[in-house]
Structure formats: structure tokens, C-alpha cells
Amino acid sequence: MALVTAEPRPWLAPTASGPATATVRLPGSKSMTARALILAALADGPSVIERPLRARDTELMSAGLRAIGVAVDTGDPERWRVEPGPLRGPARVDVGLAGTIMRFLPPVAALAEGTVEFDGDPHARNRPMGPIVATLRSLGVAIDASPTGGLPLAVRGSGLVEGGEAVIDASGSSQFVSGLLLSAPRFTKGLVLRHEGPPVPSAPHLRMTTHMLRAAGATVDESVPDVWTVEPGVLRGRTWVIEPDLSGAAPFFAAAMVTGGAVTLAGWPTESWQPVGQVIELLRRFGAEVTPDESGLTVRGTGTLHGVTADLSEVSELTPVISALAALADGPSELRGVEHIRGHETDRIAALATELGKAGAGVTEFRDGLRIEPRPLHGTSFETYADHRMAHAAAVIGLAVPGITLTDVACTSKTLPEFPELWAGLVARS
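> Could you clarify how one ought to interpret the nonpolar core in this entry?
A general feature of soluble globular proteins is that nonpolar side chains tend to end up buried together. In terms of nonpolar packing, the biggest core is built from 74 residues, with Ile38, Met61, Leu65, Leu105, Phe118, Leu191 and Trp240 touching the most fellow members. Those residues in contact with Phe118, other than ones at most four positions away along the chain, are Val93, Val95, Leu105, Pro106, Ala109, Leu151, Pro152, Leu153 and Val155. Core analysis: the next-biggest nonpolar cluster, separate from the first, contains 72 residues, Ile280, Phe286, Val299 and Leu399 among them.

> For this particular structure, what's the right way to read the layout of surface pockets?
Over the atoms a probe the size of a water molecule is rolled, and this reveals where empty space is left. Put simply, the largest pocket is a space of about 410 Å³. Together, 17 residues line the largest pocket, and Leu26, Pro27, Gly28, Arg51 and Glu78 are the ones closest to its centre. For the lining of the largest pocket, the per-class residue count stands at nine nonpolar, two polar and six charged. Estimates place the volume of the second largest pocket at around 320 Å³.

> I would appreciate a short explanation of the sheet that holds strand β16 (residues 289-293) in the present structure.
Backbone-to-backbone hydrogen bonds pair the strands of a sheet. The strands run either parallel or antiparallel. Here we have four strands laid out as an open sheet, ordered β2-β15-β17-β16, and mixed in their pairing. Both outer strands of the open sheet, β2 (21-24) and β16, are each paired with one neighbouring strand and no more. Neighbour to neighbour, the strand axes of the sheet diverge by 15° on average, direction disregarded. As paired elements, β2 and strand β15 (residues 262-265) share four bridges and run parallel to each other. Looking at the pairing, Ala22 lines up with Val263 of β15.

> Help me understand the pairing of strand β7 (residues 113-119) in this model?
Consecutive side chains along a regular strand alternate between the two faces of the sheet. Two strands pair when backbone bridges link them, and strand β6 (residues 91-94) and β7 are joined in this way by four bridges, in the parallel orientation. Within the sheet, the bridge partner assigned to Arg92 lies in β7 and is Glu117. Each parallel crossover has a hand, and the one from β6 via helix α3 (residues 99-110) to β7 is right-handed. In this structure, β7 lies alongside strand β9 (residues 153-158), joined through six bridges in antiparallel fashion. Paired with Gly114 across the bridge in β9 is Gly157.

> Any chance you could explain the pattern of salt bridges here in plain terms?
Side-chain pairs of opposite charge can arise where the charged atoms are in close proximity. Across all of its chains, the model carries 25 salt bridges by this definition. In this structure, Arg336 engages Asp368 in a salt bridge whose closest nitrogen and oxygen atoms are separated by 2.6 Å. Residue Arg336 is found in strand β19 (residues 333-336), and its partner Asp368 is found in the loop between β20 (362-366) and β21 (369-373); the two are separated by 32 residues along the sequence. Given a relative accessible area of 14%, Asp368 falls into the buried group.

> What am I meant to see in the side chain of Thr100 here?
Position of Thr100 among the secondary structure elements: in helix α3. Overall, the relative accessible area of 5% leaves Thr100 in the buried class. Contacts of Thr100, omitting those with residues within four sequence positions, involve Ala34, Met61, Leu105 and Gln175.

Criteria and cut-off values
- Residues numbered from 1 in each chain as written.
- Predicted model: local features only at pLDDT ≥ 70, side-chain atom pairs only at ≥ 80, totals over all residues.
- Heavy atoms only, no water.
- Core = buried A, V, L, I, M, F, W, Y, C linked by side-chain atoms within 4.5 Å.
- Buried < 20%, exposed > 50% of the residue type's maximum accessible area, 1.4 Å probe, protein only.
- Contact = heavy atoms within 4.5 Å.
- 1 Å grid on protein atoms, 1.4 Å probe; cavity = no way out; pocket = protein on both sides within 12 Å on 5 of 7 lines; lining within 4 Å.
- Points joined across faces, edges and corners; volume = space filled by probe spheres on them.
- Nonpolar A, V, L, I, M, F, W, Y, C, P; charged D, E, K, R; others polar.
- Pairing = 2+ DSSP bridges.
- Helix = DSSP H or I, 4+ residues; strand = E, 2+ residues; numbered from the N terminus.
- Axes fitted to C-alpha atoms, helices over the stretch in contact; angles between N-to-C directions.
- Right-handed = clockwise from strand over helix to strand, strands pointing away.
- Salt bridge = Lys/Arg side-chain N within 4 Å of Asp/Glu carboxyl O.

Everything listed is a geometric property; what it means functionally is a separate question.
Quick look at the structure:
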């Protein structure tokens, strides 16, 4: 069955009339689900993925793996089964707008026999791909790419990748490194990958990659800064239990902070592969009370939001929601270290500057971030740019500002199709 993008759907963000108090159960982490799918596809036997995220990105990832010979059974929404098979083309992969697919699947396709073609949504062609394409070519992989080095592209696999040593500039996205590392155990010589350039963003996502590789039986050495060594070897089939999505929880935590309520993310593990420590510290600086315990991860609003100065390079996915909180705070905020999010689903820095400005905030745009000065805000049409995180930011503003209309709420299906209903239910109980 072909997967299609949800039709744009304007939506008036509900305004809270009191404290938002709820326990929410959210689907699994997109980042963990994507990595588990790749590792399961390359394993020596079947794997099970429990509590995966079922959303556009992961459905497209599953479809891409099926296209090249992997059996992915998503019939049970709580328990996906993955059976590796011989990787082969010809095949076509729709990446949608997902960085994980466009960066994680080409190295897998390089291990296939035959040609695998990749393309996606129109804006996907603007997302950076050059570094991973150049690195695969340096390892002997034949790739036809667009003049910009990105989509559309075709990987002409020969059934194996020799591997060895390679250099990459991954300052544009940690996914360039993760995509190569996930397939590296299947390279004949493994991989020694060295980053040269400005710092790699989103370091917690790299740590998630190396943790999950080791959990699947890979030997990984990251003891030297900016160098990752993956030995050739067998990846084991196993059961992956996916944690609730911390980035997806951010707008719900923000709802507690904006309204002076309390929101608990149920099912939060005692040990996490997501950057929960950095998120807790950031929310506390804004003025929230954050408590992890056996009931889950609880965020309580204190009735006041404080302006912050923060480097968001390790939690850049939170930038839109954090920017919305900053626009509602009691003083100015400066959010830096996120130049790479200009290459996400949209140029998130420019988009936030435009849309928060339209709502009345004072915004200064930097190359790597924003300064946001709270001012009286008013209703406006908030463009979401087909970007789920921009929709989350608009919804958070709408809690306190009547008349915020999202141009498209359907874009939230990228990672949480139930978002409009969950959000409306949360606000209705305020």
C-alpha cells in the first residue's frame, strides 16, 4: 500500500483555561525505532521491536527496508517483527522528509546487489546529504547523486562494501556518522571514521547509536574524540524495547510549564539512552519542577517561566518548543549552538524568527540560534512549513494566546499522528 503525505489541515490551537494536569502515554522514540530497524535488518536472525513508533517516518523506513529484501511485519502495532533477507535491487525508496531514512538507508543499500533509488518530498532535496555520499564514494560505493550531492540519488550496490578508513565533516548532522556506523559491522574491513570540521551536533544521538550497536553485538571504540572504530562482525537478532519519545514529550511538558499544571510521561525507564539529563536541567532553568520516579517523568509548572541562556547543540530537536517557552517567559532568552537545524525539515531558525515575530515576540536571528524578547503576543496564522516541531511550537504558544491558527496540523503525523487529539484532550482537562 502506497504511503501518502497527510493533506494540510488548518487548526485553531486550543487555549488553556487553567492548569493542564494529565498522565500521557506516548509512542516510542523515533530515533530508537529507526536505529532498531536498521540493526534488525542487518542482523543474523529475526528481531522483535516492542513499543515502536508508528508514524510516517518509521512506516517509510519499514517500506524502504521491504523494498530491498527485508521482511518487516508491522501488523501488530506494539510488536514489529523483522526478518533479514538477501539485500537486492532494483528498488525505489521514498524517504519522505526523514533525515533518518535518507542518511541511514543508503549505506544499507550499498550492501545490496543492484541499484536502489532514493527520493522524497520536495524539501527533502534541500536537506544536506553531500558528506555521507562523499564518504561512501571514498569507500568504493558507486552513487549517482544530484548536482548538489543529495537527492535524488541512486546507490549501485555490488553486494559488499570493503570499508576501511574514511574522513567526514559531520558538522551538518550527527546522522551522517550514525548512518555509516550502523552498517559498518557488515563492511568487510569494518570502519574507522574520523570527523574533521566544526563540532558534531546532537552528541546524545551518536551515543545512542554506539550503545545500540554494542547491544546488537558490535565492537565499537569511541575512546578517541571524533574517531569511531567499528570492527567487522555479526550483528545479533534480538528484542528491542523502545523508550517513550522524549522529543515528542516536549510540548506536553511545556503545557504543564505554561499553565502551572503537571504532566507525567508514563512508562519512562530508569535507565535511558535519550538525553534526559540535559532536558531535565534545561526545563528546571526555565522554572519547572521535574521529578523522575516509578510513575514516570513528571514536569510541574510553577506559574513562572524564566528566560534562559542556553547551548542547545545536544538537544536541538527541542529548539522550536524551547523557543515558544522563551516567547512566554518573564525575560529574554538566548538560544545558541543549533546552526545545523537550518537543514532540518525546514530552516527552523529562520522559520521560528518569522513566526514568533508575526505573533509579536522580539526576535533576533543569529547564524546558530535566536535571541527572543518576550512582548505581548497576539493571534496569528502560524506557518508550520510541513514541520512537526514547528506545529508543536505553535500549539504551545496557543495555550496562552488565543487565535493561534496552525496552517497545517497534519504534519504532526511525521512522528505522532495522534497529536491533535492528545493535545486537545489535554487542554480540555485544564
